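Topology and contacts: notes
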Amino acid sequence: MADVIHLNHHLLHVLNRFNIHLGFGDKTVETICNEHDIHLDFFLDIVNTFHDASYFPLQHLQKFKAGMLINYLQKTHAYYLNVKLPEIASYIERLNNDESILDAHKKLLADFFADYQHELIVHINKEEQRVYPYIKKLEKVLQNDSASREEMEELSNYSIHEYEAEHDDVEAKLFDLKNIIIKYLPPPKDSRLLNVILHELFELELDLNNHGHIEDLILVPIVDKMEAALRSQLTQFGQ
Amino acid sequence: MNNRVCILLLEPSFLVREGIKTLLSQIGQAFRIEEVDTVIDDLDKLLSRVKPEIAMINPALLAKKTIFNRDTDQQSNVIFIGLMHDEVSTNTIAKFDFCIHINDEKAEMNKVVEQAYRRLSDLDTDTESNNLSEREISILKLVALGNTNNEIAEKLFISVHTVMTHRKNITRKLGIKTVSGLTVYAILNKLIKVEELGGSANFVR
């Protein structure tokens, strides 16, 4: 496991979401996964998609339960909401101490970030309150042999693809925020704090991209399959 | 820049077309070429089909009724190189970014094509605010002040489609995609004043 972090230290956040913390000693990935009761293939796929955006986790797809993924995705949400966003906001607030930046510019930056943060939170809430519950219910109904026809019909009114997209504007805002700082904000006397803010924004972007990647490449195909199974069960009911 | 430049070659003579292709391949920039050897009535239609970055055109193949004024959306983003066989009016020459006469020396032709490529990569990496055209700046201001594409089109007496093309170019040049991002840019560059926004309600979209 130590080798994994030597290879890509960005993965530390990912490990934390699995409740794995530093001090691995020489334990292998497999040993640590067993200790934490983590599905090894699932762990490897998550880590691999994070490390290499072109990695496509095809082989193990069928083995994963949607609930497992949602659990992970919710932990990343919690990380954004409770750790990353407040951290960046506090850095931006600290810009107020820098008198070489115009007050109007500090306010512009703070407002823009607040605006971005608001949009990201709205997006996260939508997933937490509508998308994930839908997927969990779908999984439950499919596992339950005695699920009623009404339950199934109600579920079949929805499709995961209605929830997709919409990431666009949130992503674009983050992109803009980075460019405003990199290209257009007049340079302050000491740019260390802005460097830190930029670094954090890049990290957040990397993490968000991976989050979206996991949704698109792993979660959506699993849900697609469940939706197909639901439809075929309903047709059997019909006959 | 995309690795492969798309070039439209409008020229009736087989030999000239082959010569041009040889010239291009010696320059060493990867390209894809679309050859047309017939008279063109509707240049915009051809451009929207081929979507070239550079169009090398023998003006003899443009029919009289062809609109070639560089104002349409299809024509505004293409670099035009005239392929001249005979004497042409200065009026015609003025419409081209560059001109090659088929009797020119090889070195001269090379120079023109290389300039065209350089212009192309400038377009691609154009990021300084002063590289926004007057028109783009006026559109940027209106966007920042919260106008929709429709409203901008009405105010400037241009089509919505043209507004969208300008907005695409603004985004490409500035590296800023969202309306609120463009608003921040406009304020930072003193194109608009914060007071003009009418409260922060406009900013948070």
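This one's a predicted model, so the numbers in the text were calculated from it and none came from an experiment.

What counts, and where the lines are drawn
- Residues numbered from 1 in each chain as written.
- Chains lettered and ligands numbered in written order.
- Predicted model: local features only at pLDDT ≥ 70, side-chain atom pairs only at ≥ 80, totals over all residues.
- Heavy atoms only, no water.
- Helix = DSSP H or I, 4+ residues; strand = E, 2+ residues; numbered from the N terminus.
- Buried < 20%, exposed > 50% of the residue type's maximum accessible area, 1.4 Å probe, protein only.
- Contact = heavy atoms within 4.5 Å.
- Areas by Shrake-Rupley, 256 points an atom, 1.4 Å probe, with all protein chains shown as cover.
- Domains from an automatic or database assignment.
- Core = buried A, V, L, I, M, F, W, Y, C linked by side-chain atoms within 4.5 Å.
- Buried area = accessible area lost by both parts, 1.4 Å probe.
- Salt bridge = Lys/Arg side-chain N within 4 Å of Asp/Glu carboxyl O.
- Polar contact = N/O pair within 3.5 Å; in protein donor to acceptor, adjacent residues only side chain to side chain.
- Nonpolar A, V, L, I, M, F, W, Y, C, P; charged D, E, K, R; others polar.
- Pairing = 2+ DSSP bridges.
- Right-handed = clockwise from strand over helix to strand, strands pointing away.
- Phe/Tyr/Trp six-rings, centres within 6.5 Å; stacked < 30°, edge-to-face > 60°.

Digging into the overall build of chain B
From N to C terminus, chain B includes nine helices and five strands. Along the first, second and third principal axes, the C-alpha atoms of chain B reach 65 × 35 × 30 Å. For chain B, buried positions account for 44% of its 205 residues. Sequence-distant contacts in chain B: of pairs separated by 6 or more residues, those separated by 24 or more amount to 64%. Element-wise, carbon and sulfur atoms account for 49% of the exposed surface of chain B, whose accessible area totals about 10900 Å².

Examining the domain arrangement of chain B
Looking at the assigned domains, one finds that chain B contains domain 1 (5-125) and domain 2 (129-202). When each unit is reduced to the centre of its C-alpha atoms, the spacing between domain 1 of chain B and domain 2 of chain B is 32 Å.

Here we look at the environment of Ile160(A)
All names here are of chain A. On the secondary structure map, Ile160 appears in helix H8 (residues 160-163). With a relative accessible area of 5%, Ile160 lands in the buried category. For the pair Ile160 and Lys178, spaced 18 residues apart in the sequence, the C-alpha separation amounts to 31 Å. In contact with Ile160, other than residues within four places in its own chain, are Val131, Tyr134, Ile135, Val220, Val223, Asp224 and Glu227.

What to know about the nonpolar core
Among the nonpolar cores identified, the biggest contains 51 residues, and Leu109(A), Phe113(A), Tyr116(A), Ile181(A), Ile197(A), Leu201(A) and Leu174(B) are the most heavily contacted of them. Residues contacting Tyr116(A), with those up to four places away along its chain left out, are Leu85(A), Val170(A), Lys173(A), Leu174(A), Leu204(A) and Leu208(A). One finds Ile32(A), Tyr72(A), Leu73(A) and Leu234(A) within the second-largest nonpolar core, a separate group that totals 44 residues.

Section: the interface of chain A and chain B
Counting residues at the interface gives 17 residues for chain A and 16 residues for chain B. Summed over both sides, the interface between chain A and chain B buries roughly 1500 Å², with carbon and sulfur atoms accounting for 68% of that surface. When the buried surface of chain A facing chain B is broken down by residue, Leu108(A), Asp176(A) and Tyr184(A) rank first, second and third, together holding 39% of it. Linking chain A to chain B there are zero salt bridges. In this assembly, chain A and chain B are joined by five residue pairs in polar contact (both at pLDDT 80 or more). At the level of secondary structure, the elements contributing two or more residues to the side of chain A that touches chain B comprise helix H6 (103-143) and helix H9 (167-184) of chain A. Along the lines of polarity and charge, the residues of the side of chain A that touches chain B split into eight nonpolar, two polar and seven charged.

Considerations on the pairing of strand E5 (residues 98-101) of chain B
Residues and elements named next belong to chain B. Burial along E5 is one-sided: Phe98 and Ile100 are buried, while Cys99 and His101, pointing the other way, are not. Bridge count between strand E4 (residues 79-84) and E5: four bridges; the pairing is parallel. By the bridge assignment for E5, Leu83 is matched with Ile100. Since E4 and E5 lie parallel, the crossover through helix H4 (residues 90-95) that links them has a hand, and here it is right-handed.

Side note on unusual backbone geometry
One non-glycine residue, Lys51(B), lies in the positive phi region at around 50°. Within the secondary structure layout, Lys51(B) lies in the loop between helix H2 (43-50) and strand E3 (54-57).

Concerning the pattern of salt bridges
All names here are of chain A. One pass over the full model with this rule turns up 19 salt bridges over all chains. Salt-bridge contacts for Asp207 lead to Arg17; the nearest nitrogen and oxygen are separated by 2.6 Å. Pair noted here: Asp207 is in helix H10 (residues 192-238) and Arg17 is in helix H2 (residues 11-17), with a separation of 190 residues, a long-range link. Neither residue differs from the other here; Asp207 and Arg17 are each classed as buried.

Description of the packing of aromatic side chains
Residues and elements named next belong to chain A. Taken as a whole and judged by the stated rule, the model has nine aromatic pairs over all chains. Relative to Phe43, the ring of Phe18 has its centre 5.2 Å away and its plane inclined at 65°; by these criteria the two rings are edge-to-face. With a gap of 25 residues between them, Phe18 in the loop between H2 and helix H3 (29-35) and Phe43 in helix H4 (residues 40-51) connect regions that are remote in the sequence. For Phe18, a relative accessible area of 11% puts it in the buried group. Owing to a relative accessible area of 1%, Phe43 belongs among the buried residues under this scheme. Taking the centre distance of 6.3 Å and the plane angle of 45° together, the rings of Phe113 and Tyr116 count as tilted.

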